[in-house]
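Here is how the chains run, residue by residue.
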Amino acid sequence: MTTLTVNDQDYHDFCHYLEAQCGIVLGDNKQYLVRSRLSPLIKRFGMQSLSELLQLTLSGRNRELQVAVVDAMTTNETLWFRDGYPYTVLADKVLPELAAKRRPFKIWSAASSSGQEPYSMAMTILEQQQKRPGLLPNIQITATDISQTMLDMCREGVYDQLALSRGLSAARRKLFFEPHASGGMMINPRVKQLVSFRAQNLKESYVLLGKFDVIFCRNVLIYFSAETKIKVLNQLAASLNPGGYLFLGASESLTGLCDKFEMVRCNPGIIYKLK
């Protein structure tokens with residue numbers, strides 16, 4: 001019989017491990033989240049209890065298990081065109097401003113999860129290119145995530161009906177997707193070609209990614225400690241070209257964390273411009 005109880009010491013040690021690996025702070029009384037996310041791994045790795053799984057993870061003796069655990073704990077739900085206004089601001093303000101510079105530019109989706117954010121960006125860009133033929137330059141979207149499972153899903157670009165129902169209009173589904181043998185729908189090639197996916201831990205260096213004109217790092221900072229937030233925000237600032245834009249989640253703020261940006265009110269929504 002599988003045992004799912006987690007003693008206080010194992011939970012405490014695992015919280016420190018998870019923060020050290022990827023910056024996520026669980027806090028007190030989140031044992032239920034650990035149980036729900038990690039219980040499927042018990043059978044997969046031939047163990048009898050969640051405590052055994054945590055202890056082997058912490059020992060560092062099984063790299064495959066460590067990757068699977070971080071994968072499971074960092075997988076978050078998302079939806080198409082989340083919150084709406086970031087994509088409106090991208091279309092109506094940021095893209096025309098960058099187009100005026102008449103050069104290719106780069107966008108980074110810094111925590112792409114299952115792909116809805118970068119693919120929503122790509123759809124927004126294609127819609128604007130259709131409205132302004134010849135005015136928008138070549139655009140490259142780099143999407144990153146710490147989870148290899150999520151990156152594989154992103155690259156495949158296949159979504160079931162439940163995922164498709166969350167934030168995606170019927171018109172966009174018809175325009176940007178095609179039927180797939182699984183019964184779901186697949187992102188069509190003209191959307192896919194705008195996005196490249198790669199692994200990136202936000203606690204590590206971003207130098208190899210290059211410089212960007214726009215960075216979406218939405219609904220990520222809320223999981224980090226204040227110290228990690230400061231480190232990530234300063235690295236994001238260093239990854240932007242002069243005058244570049246940072247998009248955060250609706251409940252996230254730079255207050256007391258980073259002074260390298262100026263707030264831009266967009267009605268609706270707020271974005272941040274590199275000083």
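Just above sits the structure.
A brief structural summary. What you are looking at is a predicted structure, and each value in this text was computed from that prediction instead of being measured.

Topic: the overall build of the protein
Thinking step 1. Across its full length, the protein carries eleven helices and ten strands.
Thinking step 2. Taken against the 2.2 N^0.38 rule, which gives 19 Å for 275 residues, the C-alpha radius of gyration of the protein at 20 Å falls within 12% of a compact globule.
Thinking step 3. Over its C-alpha atoms, taken along the principal directions, the protein stretches across nearly 65 × 50 × 30 Å.
Thinking step 4. A total of 275 residues make up the protein; the buried ones form 50% of that total.
Thinking step 5. Considering only contacts in the protein between residues 6 or more positions apart, those separated by 24 or more positions represent 71%.
Thinking step 6. By element, 52% of the accessible surface of the protein is carried by carbon and sulfur atoms, the whole surface being about 13300 Å².

Quick look at the pairing of strand S7 (residues 212–217)
Thinking step 1. The element S7 is largely enclosed, with a buried count of six among its six residues.
Thinking step 2. Of the strand pairs in this sheet, strand S1 (residues 105–109) and S7 are connected by three bridges, and their pairing is parallel. Within S7, the position partnered with Ser109 by the bridge is Phe216.
Thinking step 3. Bridging between S7 and strand S8 (residues 240–248) involves five bridges; their strand directions are parallel. By the bridge assignment, Cys217 is partnered in S8 with Leu248.

Examining the nonpolar core
Nonpolar side chains tend toward joint burial in soluble globular proteins.
Thinking step 1. Core analysis: the largest hydrophobic core is formed by 49 residues, its most contacted members being Phe14, Leu38, Leu53 and Leu246.
Thinking step 2. Mapped onto this core, the elements with two or more residues apiece are helix H1 (8–22), helix H2 (31–44), helix H3 (50–59), helix H4 (63–74), S7, helix H11 (226–238), S8 and strand S10 (270–274).
Thinking step 3. Sequence-distant contacts of Leu53, that is, excluding residues within four places in its chain, are made with Leu38, Leu41, Ile42, Met47, Leu65 and Val69.
Thinking step 4. Tyr85, Val89, Val94 and Ala122 belong to the second-largest nonpolar core, a separate cluster that totals 43 residues.

Thoughts on the pattern of salt bridges
Thinking step 1. Counted by the stated rule, this structure contains six salt bridges.
Thinking step 2. Of the charged contacts in the structure, one is a salt bridge between Lys273 and Glu97, with a shortest N-O distance of 3.7 Å. Linking Lys273 in strand S10 with Glu97 in helix H5 (residues 85–99), this pair joins segments that are 176 residues apart in sequence.
Thinking step 3. For Lys273, a relative accessible area of 24% translates into the label partly exposed.
Thinking step 4. A salt bridge links Arg103 to Asp213; the nearest nitrogen and oxygen atoms lie 2.7 Å apart. Of this pair, Arg103 sits in the loop between H5 and S1 while Asp213 sits in strand S7, and the two are 110 residues apart along the sequence.

Here's the deal with the sheet that holds strand S6 (residues 195–199)
Thinking step 1. Taken together, the seven strands give an open sheet; going across it, the order is S6-S2-S1-S7-S8-S10-S9, and neighbouring strands pair in mixed fashion. If you trace the sheet from one side to the other, it starts and ends with S6 and strand S9 (261–265), each paired once. For this sheet, the mean inter-axis angle between neighbouring strands, taken without regard to orientation, is 25°.
Thinking step 2. Against the sheet, H5 engages S1, strand S2 (139–145), S7, S8, S9 and S10, with an angle of about 170° to S8.

A few points about the packing of H2 against H3
Thinking step 1. Closest axis-to-axis distance for the H2/H3 pair is 10 Å, and the angle between their directions is 85°. It follows that H2 is roughly perpendicular to H3 by the angle criterion. Contact residues: Val34, Arg35, Leu38, Leu41 and Ile42 in H2; Leu50, Leu53 and Leu54 in H3.
Thinking step 2. Here the residues of the contact of H2 with H3 are counted per class, giving seven nonpolar, no polar and one charged.

Re helix H7 (residues 148–156)
Thinking step 1. All of the buried residues along H7 are Met150, Leu151 and Cys154. An end-on view of H7 places all buried positions within 100° of arc, on one side of the element.
Thinking step 2. Residues of H7 that are buried sit in contact with helix H6 (116–131), S2 and S6.
Thinking step 3. In the segment just after H7, Gly157 is the residue with positive phi, at about 70°.

What counts as what
- Residues numbered from 1 in each chain as written.
- Predicted model: local features only at pLDDT ≥ 70, side-chain atom pairs only at ≥ 80, totals over all residues.
- Heavy atoms only, no water.
- Helix = DSSP H or I, 4+ residues; strand = E, 2+ residues; numbered from the N terminus.
- Rg over C-alpha atoms; globule rule 2.2 N^0.38 Å.
- Buried < 20%, exposed > 50% of the residue type's maximum accessible area, 1.4 Å probe, protein only.
- Contact = heavy atoms within 4.5 Å.
- Areas by Shrake-Rupley, 256 points an atom, 1.4 Å probe, with all protein chains shown as cover.
- Pairing = 2+ DSSP bridges.
- Core = buried A, V, L, I, M, F, W, Y, C linked by side-chain atoms within 4.5 Å.
- Salt bridge = Lys/Arg side-chain N within 4 Å of Asp/Glu carboxyl O.
- Axes fitted to C-alpha atoms, helices over the stretch in contact; angles between N-to-C directions.
- Parallel < 35°, antiparallel > 145°, perpendicular 65-115°, else oblique.
- Nonpolar A, V, L, I, M, F, W, Y, C, P; charged D, E, K, R; others polar.
- Arc of directions from axis to C-beta.

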